[in-house]
Amino acid sequence: MKTPSVRRKPPPTPIGILAALPDEAQSLRRLKPGCGRLVQTSDGHPLIASGAGPDPARRAALRLVQQGVSGLMSWGCAGALVAGLQPGQLVIPQTLLGADGETFAPDSAWHERFAWAMDKKLGIHTDLLAESADVVATAEAKQALRAATQAVAVDMESVAVARVAREHGLPFLAVRAIADHSALDMPKAVTFALNRRGEVRLLWLLAYALAHPGQVPQLVALGRAFESALQALRTAKAHSGMNFCFPTQNPDF
């Protein structure tokens with residue numbers, strides 16, 4: 001006799017979670033979601049892979065707000081701007097700096113609880129995270145952004161999510177895993193293969209790599225770094241409980 005499946009109840013305090021890429025979102029659920037599709041994490045929280053960039057992130061964050069969420073979280077990868085950050089390390093910033101110079105802060109209680117839970121399992125950094133409207137693809141560009149902002153890492157979506165959270169009076173948290181070295185130039189094969197949503201078109205990537213075999217070692221290094229970041233996100237999920245240390249919940253990690 002077939003055992004009936006048990007449907008999990010939704011969490012008492014749903015959190016809206018935004019990742020840029022489907023691979024990042026998959027660290028929170030078994031199946032990879034389509035870009036722009038509203039799905040749920042394995043624990044029942046609304047989740048969207050928005051696509052890369054501030055504008056898609058803002059639109060997706062507004063969709064999450066419409067779900068009646070109690071907080072917003074930016075979840076995914078970031079680029080290192082300093083040599084001390086290595087792929088797979090977590091950045092849980094206490095301050096975020098927009099490209100326009102505006103600053104944002106996460107909910108202090110949520111940040112404290114999440115950082116405490118992660119510090120027991122993973123090395124974390126809480127210094128400044130900067131926004132960029134475009135991919136920061138070269139070591140030279142990373143050095144310039146570091147000099148201009150004093151940030152330790154950069155991403156394209158977290159500030160947009162923080163801005164929507166502020167507009168709607170919602171708690172906010174950014175959790176970002178480092179996916180490349182500060183001295184690493186992104187292989188041209190990757191920038192060639194990126195589509196407008198920030199996804200890599202595999203056939204384009206392979207075609208460029210075949211035509212430029214010297215790119216292969218860089219691609220391998222970048223792939224390993226990205227996988228280290230995804231593993232850090234999976235570890236962060238495993239040790240932050242079903243409600244990601246959200247402050248209105250009893251500790252469950």
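Rules of the game
- Residues numbered from 1 in each chain as written.
- Predicted model: local features only at pLDDT ≥ 70, side-chain atom pairs only at ≥ 80, totals over all residues.
- Heavy atoms only, no water.
- Buried < 20%, exposed > 50% of the residue type's maximum accessible area, 1.4 Å probe, protein only.
- Helix = DSSP H or I, 4+ residues; strand = E, 2+ residues; numbered from the N terminus.
- Arc of directions from axis to C-beta.
- Contact = heavy atoms within 4.5 Å.
- Axes fitted to C-alpha atoms, helices over the stretch in contact; angles between N-to-C directions.
- Left-handed = near helix turned anticlockwise from the far one by under 90°.
- Nonpolar A, V, L, I, M, F, W, Y, C, P; charged D, E, K, R; others polar.
- pLDDT = per-residue confidence, 0-100.
- Salt bridge = Lys/Arg side-chain N within 4 Å of Asp/Glu carboxyl O.
- Pairing = 2+ DSSP bridges.

Q: An account of helix α5 (residues 158–167) is requested, with residue identities and associated values reported.
A: Counting buried positions over the 10 residues of α5 gives seven, a clear majority of the element. For α5, the set of buried residues is S158, V159, A160, V161, A162, V164 and A165. Of the residues trailing α5, G169 is marked for its positive phi of about 65°.

Q: Tell me about helix α4 (residues 139–149), residues and numbers included.
A: By the burial criterion, the buried members of α4 are A139, K142, L145 and T149. Within α4, the buried residues cover an arc of 120° as seen down the axis, which keeps them to one side. Facing away from the buried side of α4 by more than 90 degrees, the exposed set consists of E140, Q143, A147 and A148. Residues of α4 that are buried make contact with β4 (72–80), β6 (96–97), β9 (129–131) and β10 (153–155). Immediately downstream of α4, the backbone of Q150 shows phi near 65°, a positive value.

Q: Can you tell me about the environment of K142, naming the residues and giving the values?
A: Within the secondary structure, K142 sits in helix α4. Considering only alpha carbons, one finds K142 and A153, 11 residues apart in sequence, at a separation of 8.9 Å. Setting aside its immediate chain neighbours within four residues, K142 contacts A80, L81, V136, D180, H181, S182 and L184.

Q: Please set out unusual backbone geometry residue by residue, giving values where relevant.
A: As a rule of thumb, non-glycine residues mostly have phi less than zero, and peptide bonds are mostly trans rather than cis. A positive phi is found at Q150, a non-glycine position, where the angle reads about 65°. By the element assignment, Q150 lies in the loop between α4 and β10. Of note in the backbone geometry, C245 takes a positive phi value of approximately 65° without being a glycine. Looking at where C245 falls in the secondary structure, it is placed in the segment after α8 (216–238).

Q: Give me the packing of helix α2 (residues 54–65) against α5: which residues, what numbers.
A: Two elements in contact, α2 and α5, have axes whose closest approach is 8 Å; the angle formed by their N-to-C orientations is 35°. Here the hand of the crossing between α2 and α5 comes out right-handed. Together, P54, A57, R58, A61, L62 and V65 of α2 and A160, V161, R163, V164 and E167 of α5 make up the contact between the two elements. Along the lines of polarity and charge, the residues of the contact of α2 with α5 split into eight nonpolar, no polar and three charged.

Q: Provide a residue-level description of the confidence of the model for the protein, including the pertinent values.
A: A residue-level look at the protein finds 81% of positions with pLDDT of 70 or above and a mean pLDDT of 86. Scored below 50 in pLDDT, residues 1–10 shows three contacts in the model against residues more than four places distant or in partner chains. The model gives residues 249–253 a pLDDT under 50, and that stretch makes 17 contacts with residues more than four places away or in other chains.

Q: Give a description of the pattern of salt bridges that names residues and reports values.
A: Once their charged atoms are close, side chains differing in charge can pair, the charge on each being opposite to the other. Enumeration over the complete set of coordinates arrives at 10 salt bridges. A salt bridge links E102 to R166; the nearest nitrogen and oxygen atoms lie 2.7 Å apart. With E102 in the loop between β6 and β7 (103–104) and R166 in helix α5, the pair connects residues that are 64 residues apart, well separated along the chain. E102 gets classed as partly exposed once you look at its relative accessible area, which sits at 31%. Connected through shared salt-bridge partners, D100, E102, R163 and R166 make up one network.

Q: Mind laying out the environment of Q26, listing which residues take part and the relevant values?
A: Within the fold, Q26 resides in the loop between α1 (22–25) and β2 (38–40). Separated by 16 residues in the primary sequence, Q26 and S42 place their C-alpha atoms 9.7 Å from one another. Dropping the residues within four chain positions of it, Q26 is found in contact with L31, K32 and P33.

Q: Account for the pairing of strand β1 (residues 16–19), with residues named and values stated.
A: What you see with β1 is no split at all: G16 and L18 on one side and I17 and A19 on the other are buried throughout. The sheet contact formed by β1 and β4 spans three bridges and is parallel. Bridge pairing links I17 to M73 in β4. Both β1 and strand β3 (residues 46–49) contribute to a ladder of three bridges, which runs parallel. Within the sheet, the bridge partner assigned to L18 lies in β3 and is I48.

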